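In case you want the letters, here they are:
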Amino acid sequence: MGEKVYVLGAGSTKYGKLNESVIEIALNASKDAIDSAGITPKDVKAGYISNVFGVADKQVHMAPVIMSNLGIPEVPGLTIESACGSGSVMFREAFANVSAGFYDCVLALGVEKVTHTSTVESTTLFSYCSDFFYEGGNGASFPGLFGSMARAYLAAYKATEEDLARVAVKNHENGLLNPKAHVRKKITVEDVLKSPVVASPLKLYDCCPFSDGASAVILCNEEFAKKSGNPYIEIVGSGRGASPASVQSRKDITTIPSTVDASRQAYKMANLSPKDIDFVEVHDCFTIAELIDIEDLGFFPKGTAAQAVREGRTMLNSDISVNPSGGLKSKGHPIGATGVGQVVEVFEQFTNKAGDRTVKDAEIAMTHNFGATGASAAVHIFKKIK
Amino acid sequence: MSKLKSTKQSTRELFIEHAKKGDILLNQCIKCSNIMLETVYYCDKCFSNSFRQVPYIGKGRVVTYTIQSVVPEGFEDVNSYAWVIFKLDDCDMNVSGFLPGISTPADLPLGSKIKVVDFHDKHGLILQKY
């Protein structure tokens, strides 16, 4: 392994319906991250940008535009797309380049703007992230793909739609404590069950919202971090995984192989196990995803996540705090930004900026983010520097 | 300069042609006999790219499904439908498709018998209960 890598600064816009252009959103988050790190743009040696639907706001080839507007047009930028997992996959590339010694300090920025499109347009755009010939082209939206996974999971493990609803209720509770969350609203199990069906068995409150937003972090090597005099956190584990692109091609529809593989790599690199993780930000694009995630990441045995949620073991400051930020479900899901937003949450938790949603005595945290139905995934483990 | 038109059918065109006849066209690896969807280019077991095309009868049983209430573009004209993953009767292979006329889970218990009946440009692989 190469050099140790640290997160030195972090910034994020509010997630939700934003009026600014995709570039302005990106620049606002970048400026916050640069200010948070106590550096200037001239310290940034490369920019890594994650974005999926730039075309929806008439801007692709985004990286050079962002670097130019940060006053550093000569600094190389790269735009990376891996559907909903773009942020974490991009973060991994930024991490790898600092670890390899190519750069001592880089900007990792995720951004998305989609709320100006109609629900049909957004649903259609998202469906292009599926294996379209077999999935989107046959009428499956993303709620539909996860709906089919949910039906298989509920049948296999005797879980219920109420169990799915409890995930939403818990994440909305956490999101109420996050001033930057998209949907800050307390809901009940009954609210979820009575909400309109989107793609059975998933209902409106089982689904994360379409969000605009940007999140950015500054990554650097040890020498740069120590010289800065600012607080920083260490990236101690990193893993990437892949699954068959289409759900139909998976031997078991109730697990996501990319998550399992990426987490194993990250645990191995960090020399840690699931019991060492104090809190985790997981990819809960739909409530069923969180149940599958927390099993695939090793926190609960296969088929028992619903029971764990029922017993309150994933609530804030319980056995393992799952999605203290509110997760995609409440905090929001600005596709290209989501994976970076999870890192921002860890940075805020470990630098005493998480307010009422602080996970008490936390020292080790994990982020987990995947693309599409889990065709691509990345997992990272972070350590608080005391 | 005029464009040359290829006369060779693409893998997807072949898949569609067979689906229109109610079959699912699969690839069997000549080297290791592994069976995969016709649209793959390499065997995921031995990485050979030599295949024998094998049409299977497009009949099977429902593994899982969803009923789409909020539909993507192009499907607004359908009243209610399910997107279904079903396992072929004759081999250990899952396939997915579009099943019109399903409005509640009671219409489609898991394990229901399904067959391929067509392929439409607009709605993809068309399925029917039988």
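Please read all numbers here as calculations on a predicted model, not as lab measurements.

Basis of the calculations
- Residues numbered from 1 in each chain as written.
- Chains lettered and ligands numbered in written order.
- Predicted model: local features only at pLDDT ≥ 70, side-chain atom pairs only at ≥ 80, totals over all residues.
- Contact = placed C-beta atoms within 7 Å.
- Helix = DSSP H or I, 4+ residues; strand = E, 2+ residues; numbered from the N terminus.
- Pairing = 2+ DSSP bridges.
- Axes fitted to C-alpha atoms, helices over the stretch in contact; angles between N-to-C directions.
- Core = buried A, V, L, I, M, F, W, Y, C linked by C-beta atoms within 7 Å.
- Buried ≥ 20, exposed ≤ 12 C-beta atoms within 10 Å, placed from the backbone.
- Parallel < 35°, antiparallel > 145°, perpendicular 65-115°, else oblique.
- Nonpolar A, V, L, I, M, F, W, Y, C, P; charged D, E, K, R; others polar.
- pLDDT = per-residue confidence, 0-100.
- Right-handed = clockwise from strand over helix to strand, strands pointing away.
- Expected span 1.5 Å × (residues − 1).

Novice: For the interface of chain B and chain A, give the residues involved together with the corresponding values.
Specialist: Residue-level contacts link 27 residues of chain B with 29 residues of chain A. Of all the secondary structure elements, the ones that give two or more residues to the side of chain B that touches chain A are β4 (59-68), β5 (81-88), β6 (94-100) and β8 (124-129) of chain B.

Novice: Residue-level account of the sheet that holds strand β2 (residues 35-37) of chain B, with values.
Specialist: Residues and elements named next belong to chain B. The strand order across the open sheet formed by three strands is β2-β1-β3, and the pairing between neighbours is antiparallel. Across the chains shown, the open sheet's two edge strands, defined by having one partner strand only, are β2 and β3 (51-57). If you compare each strand with its neighbour and ignore which way they point, the axes differ by 40° on average. Here helix α1 (residues 11-19) sits on the sheet in contact with β1 (23-29) and β3, set at roughly 135° to β1.

Novice: Describe the nonpolar core, with residues and values.
Specialist: Among the nonpolar cores identified, the biggest contains 156 residues, and Val7, Val106, Ala108, Leu109, Val217, Ile218 and Leu219 of chain A are the most heavily contacted of them. Aside from chain neighbours lying at most four places away, what touches Val106 of chain A is Val44, Lys45, Ala46, Gly47, Tyr48, Ala94, Asn97, Val98 and Leu219 of chain A.

Novice: Please give an account of the packing of helix α6 (residues 161-175) of chain A against helix α10 (residues 287-296) of chain A that cites residues and values.
Specialist: Residue and element names in this part refer to chain A. At their nearest, the axes of α6 and α10 sit 8 Å apart, and the two run at 90° to each other. The angle between the axes of α6 and α10 places the two elements in the roughly perpendicular class. Two secondary-structure elements touch here, α6 through Leu164, Val167 and Ala168 and α10 through Thr287, Ile288, Glu290 and Leu291. Of the residues that constitute the contact of α6 with α10, the class distribution is five nonpolar, one polar and one charged.

Novice: Lay out the confidence of the model for chain B in plain terms, naming residues and giving numbers.
Specialist: Per-residue pLDDT for chain B has a mean of 92; in total, 95% of the residues score no lower than 70. We note a pTM of 0.96 for the whole complex and an ipTM of 0.93 for its interfaces.

Novice: So what about the environment of Ile385 of chain A? Which residues, and what values?
Specialist: Residue and element names in this part refer to chain A. Tracing the backbone through its elements, the reader meets Ile385 in the segment after β12 (376-384). The spacing of Ile385 and Lys360 is 25 residues in sequence and 15 Å in space, taken between C-alpha atoms. The residues touching Ile385, leaving out its near neighbours within four places in the chain, are Tyr232, Ile233 and Glu234.

Novice: Please provide a residue-by-residue account of the pairing of strand β2 (residues 46-50) of chain A, values included.
Specialist: Residues and elements named next belong to chain A. Counting buried residues along β2, five of its five residues qualify, which places the element largely inside the surrounding structure. Burial along β2 is two-sided: Ala46, Tyr48 and Ser50 and Gly47 and Ile49, pointing in opposite directions, are all buried. Where β2 meets strand β3 (residues 77-80), four bridges bridge the pair, whose relative direction is parallel. Along β3, the bridge assignment pairs Ser50 with Ile80. Crossover handedness for the path β2 to helix α2 (residues 62-69) to β3: right-handed.

Novice: A description of the sheet that holds strand β4 (residues 105-112) of chain A should follow, citing residues and the corresponding values.
Specialist: Residues and elements named next belong to chain A. If you trace the ten strands from one edge of the open sheet to the other, you get β3-β2-β4-β7-β1-β8-β12-β11-β9-β10, paired in mixed fashion. A single partner strand is all that each edge strand has here, and the edge strands are β3 and β10 (321-322). Relative to β10, strand β9 (residues 279-281) is paired through two bridges, and the arrangement is parallel. Bridging across to β10, Phe279 finds its partner in Ser321.

Novice: Let's hear about helix α3 (residues 86-99) of chain A: which residues, and what values?
Specialist: All names here are of chain A. Between the first and last C-alpha of α3 there are 20 Å, a value that for 14 residues agrees with the 20 Å anticipated at 1.5 Å per step. Counting buried residues along α3, eleven of its 14 residues qualify, which places the element largely inside the surrounding structure. For α3, the full list of buried residues reads Ser86, Gly87, Ser88, Val89, Met90, Phe91, Arg92, Ala94, Phe95, Asn97 and Val98.

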